[in-house]
Amino acid sequence: MLVLTRKKGESIIIQDNIEITILSVEGDIVKVGINAPKHVDIFREEVYLSIKEANKESASPTPSNLNALMERLRTEK
């Protein structure tokens, strides 16, 4: 992990097209602004993990869904 020190108003540039700017620091709260192309998805970690888990669950069939699919395949022959 790269660790950088930045002050309010200072930025970090990633690959010519992503700029991360420190907007404010108040106690333990740091506000960060991110400029990035629209095709770059940006999520807070907890949101990203929630999306990832939801995608994993939707891609995993339940046993009852598998049984229903197998029965449907048997009857369509």
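Residues numbered from 1 in each chain as written. Predicted model: local features only at pLDDT ≥ 70, side-chain atom pairs only at ≥ 80, totals over all residues. Heavy atoms only, no water.

Looking now at the sheet that holds strand β3 (residues 29-35). Read across the sheet, three strands follow the order β1-β2-β3 without closing on themselves; strand pairing throughout is antiparallel. The strands lining the two open edges of the sheet, one partner per strand, are β1 (11-14) and β3. Sheet twist, expressed as the average angle between the axes of neighbouring strands with direction ignored, equals 25 degrees. Pairing between β1 and strand β2 (residues 18-26): four bridges, direction antiparallel. Considered in β2, the bridge of I13 is made with E19. (Pairing = 2+ DSSP bridges. Helix = DSSP H or I, 4+ residues; strand = E, 2+ residues; numbered from the N terminus. Axes fitted to C-alpha atoms, helices over the stretch in contact; angles between N-to-C directions.)

Scanning the entire structure with this criterion turns up three salt bridges. For R6, the salt bridge is made with E10, and the minimal N-O distance between the two is 3.6 Å. Between R44 and E46 there is a salt bridge, and its shortest N-O distance comes to 2.7 Å. In this structure R44 comes out as exposed when scored by relative accessible area, which is 55%. By relative accessible area, E46 is classed as partly exposed at 48%. (Salt bridge = Lys/Arg side-chain N within 4 Å of Asp/Glu carboxyl O. Buried < 20%, exposed > 50% of the residue type's maximum accessible area, 1.4 Å probe, protein only.)

Residue position: T21 is located in strand β2. Relative accessible area serves as the criterion here: at 18%, T21 is assigned to the buried category. Here T21 is in contact with G9, E10, S11, K31, V32 and G33, once residues within four sequence places are set aside. (Contact = heavy atoms within 4.5 Å.)

A word on the pairing of β2. Here β1 hands over to β2 after three residues, with Q15 in that stretch at a positive phi of 50 degrees. Here β2 pairs with β3 via seven bridges, running antiparallel. Across the sheet, S24 pairs through a bridge with K31, a residue of β3. Linkage of β2 to β3, two consecutive antiparallel strands, is achieved through a turn of two residues, within which G27 is found at a positive phi near 65 degrees.

What follows deals with the environment of S24. Along the chain, S24 turns up in strand β2. Along the chain, S24 and K7 lie 17 residues apart, while their C-alpha atoms are 8.5 Å from each other. With near-sequence residues (within four places) excluded, S24 lies in contact with K8, I29, V30 and K31.

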